[in-house]
Amino acid sequence: MSLQYPHAQPPAAGELVEVAPGVFWLRMPLPFQLDHINLWLLRDGDGWTIIDTGFPDDAVRATWQQILDGLDGPVRRLIVTHFHPDHLGLATWLMEKTDAELSMTTGEFLTAHVVWNEVGGHGARFMVEQFRQHGLDAERLARFEQRGSGYRKAVPALPEYYRRFKAGDVATVDGRKWQIIIGHGHAPEHMALYCAELGVLISGDMLLPRISTNVSVFAATPDADALGWYLDSLDELARDIPAETLVLPSHGLPFYGTQARVKALHAHHDERLRALENSCEQAPQSAADLLETLFQRALDTHQTMFAMGEAIAHLNHLEQAGRLSRNTDASGVIRYTRPPSAAH
Ligand SMILES: [Zn+2]
């Protein structure tokens, strides 16, 4: 079973493509190796609802301005799936431009603020200490220290008010019900939206067709089984979302094939878990030691952040499943070993 892509090409900059009745797809550039994000505009009576904002830079602001100027009615609502800069970063700017009110989950709203302010175990300074414990070398740590808060650098301002969505809530847009689906592992309380009437799932970053969603462990919750949470959230989607649903992901092309994609992602993570387990067979390994096992390529500082998060998430998962044991040495570095009894 493979994925079906009903649109071979993404929209051009500033173009709106209707992918379901009243649901429009637009694309914005991202200044990373992952070079784009998909955003969604929903017709809502005589106005509009925007899903996610794009990354805060001038190219995105200019494209938004062009789109807003072309709309036939006011933007009344902005719904944000999660706190990451490419999804929430322009919320303040868009709210000022349009007078729209913001809706998101409490977990994402509060996480944005603590990461931005680097308090409560969140943000760059806590992450540097977490990566030190997971064996990252002094040179790469120094690069993180010099970089400081990537989040605060990227996001100029955050909204101070919002309307809360929580699990089980329903958003009514243009008279149609969109069910709020909370997912974990990529961000604390990520929100996807599912409209049974249209057969459409706006999946955010939880279900992507080509790349695998980044799964990371926050410094504040060092033992979190973020990978287990993520896989459980995927299983819920596979169970609850009918196969004929059109999935609108934040990156890549819209697709059909939720169950096939969830199955492929399980296989991908199983394979990574086995590779890590095998790498810890001969000698104890830290998360930093294992970056090469997981990513056979050079990583820049931004990618190293995601890679370390991913490695720690997999190692926590293996340790909690009893497949690896964990030791902390005298200098505080955590290493993992495959216990003899778990060999097979
Ligand atoms: Zn994200």
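Rules of the game
- Residues numbered from 1 in each chain as written.
- Predicted model: local features only at pLDDT ≥ 70, side-chain atom pairs only at ≥ 80, totals over all residues.
- Heavy atoms only, no water.
- Helix = DSSP H or I, 4+ residues; strand = E, 2+ residues; numbered from the N terminus.
- Rg over C-alpha atoms; globule rule 2.2 N^0.38 Å.
- Buried < 20%, exposed > 50% of the residue type's maximum accessible area, 1.4 Å probe, protein only.
- Areas by Shrake-Rupley, 256 points an atom, 1.4 Å probe, with all protein chains shown as cover.
- Pairing = 2+ DSSP bridges.
- Axes fitted to C-alpha atoms, helices over the stretch in contact; angles between N-to-C directions.
- Donors = N, O, S within 2.8 Å, 3.2 Å for Na, K, Ca; no water.
- Tetrahedral: all angles 85-135°; square planar, octahedral: opposite > 155°, others 65-115°.
- Right-handed = clockwise from strand over helix to strand, strands pointing away.
- Salt bridge = Lys/Arg side-chain N within 4 Å of Asp/Glu carboxyl O.

Novice: Could you give me a rundown of the overall build of the protein chain, with the residues and numbers involved?
Specialist: Check the secondary structure of the protein chain and you find eleven helices and 15 strands. In terms of C-alpha radius of gyration, the protein chain reaches 20 Å, essentially the compact-globule figure of 20 Å for 344 residues. Along the first, second and third principal axes, the C-alpha set of the protein chain runs to 65 × 45 × 35 Å. Taken over 344 residues, the protein chain has a buried fraction of 56%. On the protein chain, roughly 14800 Å² of surface is accessible, and the fraction owed to carbon and sulfur atoms is 51%.

Novice: Break down the sheet that holds strand 9 (residues 176-183) for me, citing the residues and quoting the values.
Specialist: Think of a sheet as strands paired side by side through backbone hydrogen bonds, with each pair either parallel or antiparallel. Spatially, 8-9-10-11-12-13 is the arrangement adopted by the six strands of the open sheet, whose pairing is mixed. The open sheet has two free edges, formed respectively by strand 8 (170-173) and strand 13 (255-256), since each of these has just one partner strand. One ladder, built from four bridges, connects strand 11 (residues 200-204) with strand 12 (residues 246-249); its direction is parallel. Bridge pairing links Val-200 to Leu-246 in strand 12.

Novice: Outline the sheet that holds strand 7 (residues 163-165), listing residues and values.
Specialist: Strands sit in the order 1-2-3-4-5-6-7 across an open sheet of seven strands; the sheet is mixed. In the strand order of this sheet, the two ends are held by strand 1 (17-20) and strand 7, each with one partner. If you compare each strand with its neighbour and ignore which way they point, the axes differ by 30 degrees on average. The sheet contact formed by strand 6 (residues 101-105) and strand 7 spans three bridges and is parallel. Opposite Thr-105, over in strand 7, you have Phe-165 as the bridge partner.

Novice: Mind laying out the coordination of the zinc ion, listing which residues take part and the relevant values?
Specialist: Six octahedrally arranged donors around a metal ideally form angles of 90 or 180 degrees; four tetrahedrally arranged donors ideally form angles of 109.5 degrees. Bound to the zinc ion on the protein side are His-82 (NE2), His-84 (ND1), His-186 (NE2) and Asp-205 (OD), at distances that span 2.1 to 2.2 Å. Taken together, the four donor atoms coordinating the zinc ion and their angles of 91 to 172 degrees define a geometry best described as irregular. Written as a sequence motif, the donor arrangement for the zinc ion is H-x1-H-x101-H-x18-D. One end of the pair, His-84, is in the loop between strand 5 (75-79) and helix 2 (85-88); the other, His-186, is in the loop between strand 9 and strand 10 (190-195), with 102 residues separating them in the sequence. For His-84, a relative accessible area of 16% gives the class buried. Accessibility expressed as a relative area gives 10% for His-186, which makes it buried.

Novice: Give a description of the pairing of strand 11 that names residues and reports values.
Specialist: Remember that side chains alternate between the two faces of the sheet whenever the strand is regular. In terms of burial, strand 11 is a largely internal element, five of the five residues being buried. Pairing between strand 10 and strand 11: three bridges, direction antiparallel. By the bridge assignment, Tyr-194 is partnered in strand 11 with Leu-201. Handedness of the β-α-β unit built from strand 11, helix 8 (residues 226-240) and strand 12 comes out right-handed.

Novice: Pulling in residues and values, what's your account of the pattern of salt bridges?
Specialist: On inspection of all chains with the given rule, the structure shows 17 salt bridges. Across the pair Glu-145 and Arg-132 runs a salt bridge whose closest N-O atoms are separated by 3.6 Å. A residue pair is termed long-range when its members are at least 10 positions apart, and Glu-145 in helix 6 (residues 138-147) and Arg-132 in helix 5 (residues 124-133) qualify at 13 residues. Arg-132 sits in the partly exposed class, given a relative accessible area of 38%.

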